[in-house]
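# Analysis of the macromolecular model
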Amino acid sequence: MDVYEAVTSRRAVRGFTDRQVPRETLERVLSAAAWSPSGSNIQPWHAYVLTGAPLAELKKRVRERLAVGDPWDEPEYEQYPPALKSPYHERQSAFGAQRYGALGISHDDLAARQRAASANWECFGAPAALFCYIDRDMGSPQWADVGMYLQTVMLLLRAEGLHSCPQMAWAKFHTNVAEVLSPPAELILFCGMSIGFEDVTVDYARTGRAPLDETVVFVD
Ligand SMILES: Cc1cc2nc3c(=O)[nH]c(=O)nc-3n(C[C@H](O)[C@H](O)[C@H](O)COP(=O)(O)O)c2cc1C
């Protein structure tokens, strides 16, 4: 698979089969992803890969909290600015309409949206998940480094015939993730990532992108 195909075939997959992901494949992907760039090569990512019983335990703990209506954990970072201005707000709304529209859920049906969103914490059925942490001391440039690392992981997963879904949703239950992973206290959970083989029977809407001239300026 060439790089263009890896980039264009990667998408946030929200339905996986229970086919296991071989440990060697994950090691190959994560070894290659370690070549991602970072400012001064400080490599600020801390990845934990969870499969099998520990992943099942994590899903169970969150499921139990959801069942009793426990509130989410106190956020350790802001996922979006408090008021998302134009054009970001419109893009976010369009994404929500597409995502829930594909599931036949209307804009006003909050309960159905919440039910659909709760599939995040089942990893959409995926048998493997990566949890990516960053040191609390790090600033925006290092968070950007972590983003590059995660995209590299996702593209390499495509090369292995695998799919993924990056998930900030896991930050809403960072205490449960920490119970299972016991990360050092100085780390913040940025996101999880479900990893597995796509369940091709699950409907989805392919997201679009802004036209090139909305996001790129060529200065000749
Ligand atoms: C940092 C990050 C966090 C995300 N968190 C979630 C999430 O919690 N749940 C989810 O279903 N999708 C999540 N996504 C997926 C985005 O919704 C998706 O990437 C975006 O809509 C573009 O669609 P595509 O990836 O399918 O091209 C996240 C993506 C990124 C990059």
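Residues numbered from 1 in each chain as written. Predicted model: local features only at pLDDT ≥ 70, side-chain atom pairs only at ≥ 80, totals over all residues. Heavy atoms only, no water.

## Regarding the sheet that holds strand 1 (residues 46–51)
The sheet built from 4 strands is open, its strands ordered 1-2-4-3 with antiparallel pairing. Across the chains shown, the open sheet's two edge strands, defined by having one partner strand only, are strand 1 and strand 3 (163–167). Pairs of neighbouring strands in the sheet enclose a mean axial angle of 25°, with direction left out of account. Where strand 3 and strand 4 (residues 187–196) come together, 5 bridges link them in antiparallel fashion. Looking across to strand 4, one finds that His163 is bridged to Gly196. Along the sheet face, helix 6 (residues 140–159) touches strand 1, strand 2 (128–135), strand 3 and strand 4 and points at about 10° away from the line of strand 4. (Pairing = 2+ DSSP bridges. Helix = DSSP H or I, 4+ residues; strand = E, 2+ residues; numbered from the N terminus. Axes fitted to C-alpha atoms, helices over the stretch in contact; angles between N-to-C directions. Contact = heavy atoms within 4.5 Å.)

## Some points on helix 3 (residues 52–67)
Since there are 3.6 residues in each turn of an α-helix, residues three or four apart along the chain are aligned in direction. Taking 1.5 Å per residue, 16 residues should reach 22 Å; helix 3 reaches 22 Å between its end C-alpha atoms and fits that length. The first or second residue beyond helix 3 is Gly69, which carries a positive phi of 70°. (Expected span 1.5 Å × (residues − 1).)

## A short note on the site of the ligand
Not every one of the 16 residues close to the ligand is listed here, only the nearest: Ala12, Arg14, Asn120, Ala169 and Arg209. Asn120 has a polar side-chain atom sitting 2.9 Å from a nitrogen atom of the ligand. A distance of 3.2 Å is found between a nitrogen atom of the ligand and a backbone nitrogen or oxygen belonging to Pro166. For the ligand, the accessible surface in isolation is 620 Å², of which the surrounding protein chains cover 74%. For the shell around the ligand, the leading source of residues is strand 3, giving 3 residues. For the shell around the ligand, the class distribution of residues is 8 nonpolar, 3 polar and 5 charged. (Near = heavy atom within 4 Å. Polar contact = N/O pair within 3.5 Å; in protein donor to acceptor, adjacent residues only side chain to side chain. Areas by Shrake-Rupley, 256 points an atom, 1.4 Å probe, with all protein chains shown as cover. Nonpolar A, V, L, I, M, F, W, Y, C, P; charged D, E, K, R; others polar.)

## Side note on the pairing of strand 2
Here strand 2 lies mainly inside the structure; 8 of its 8 residues are buried. The side-chain alternation of strand 2 yields two buried faces, one formed by Ala128, Leu130, Cys132 and Ile134 and the other by Ala129, Phe131, Tyr133 and Asp135. In the sheet, strand 1 pairs with strand 2 via 6 bridges, with the strands oriented antiparallel. When the sheet's bridge partners are listed, Tyr48 is paired in strand 2 with Phe131. Taken together, the 8 bridges between strand 2 and strand 4 define a ladder with antiparallel strand orientation. In the sheet register, Leu130 faces strand 4, and the bridge partner there is Met193. (Buried < 20%, exposed > 50% of the residue type's maximum accessible area, 1.4 Å probe, protein only.)

## Considerations on a nonpolar patch on the surface
Together, Leu212, Val216 and Phe218 line one region of the surface with nonpolar side chains, adding up to about 320 Å² of accessible area. Mapped onto the elements of the fold, Phe218 is located in the segment after helix 8 (212–215). (Patch = residues over 30% accessible without salt bridge, like charges linked within 9 Å, V, L, I, M, F, W, Y side chains within 5 Å. Salt bridge = Lys/Arg side-chain N within 4 Å of Asp/Glu carboxyl O.)

## Description of the nonpolar core
In this structure, Leu150, Val153, Met193 and Ile195 are the most contacted members of the largest nonpolar core, which totals 24 residues. The element best represented in this core is helix 6, accounting for 6 residues. Ignoring sequence-local partners within four residues, the contact set of Leu150 consists of Leu130, Cys132, Phe190, Cys191 and Met193. Grouped together as the second largest cluster of nonpolar side chains are 21 residues, Phe124, Tyr133, Cys165 and Ala169 included. (Core = buried A, V, L, I, M, F, W, Y, C linked by side-chain atoms within 4.5 Å.)

## Some words on the packing of helix 4 (residues 88–102) against helix 5 (residues 110–117)
The angle between the axes and the distance between the axes are what describe a pair of packed helices. Orientation of helix 4 relative to helix 5, taken along the N-to-C sense of each, is 80°, at an axis distance of 11 Å. When the axes of helix 4 and helix 5 are compared, the pair comes out roughly perpendicular. From helix 4, Gly96, Ala97, Arg99 and Tyr100 reach across to helix 5, where they touch Arg113, Ala116 and Ala117. Classifying every residue of the contact of helix 4 with helix 5 gives 4 nonpolar, 1 polar and 2 charged. (Parallel < 35°, antiparallel > 145°, perpendicular 65-115°, else oblique.)

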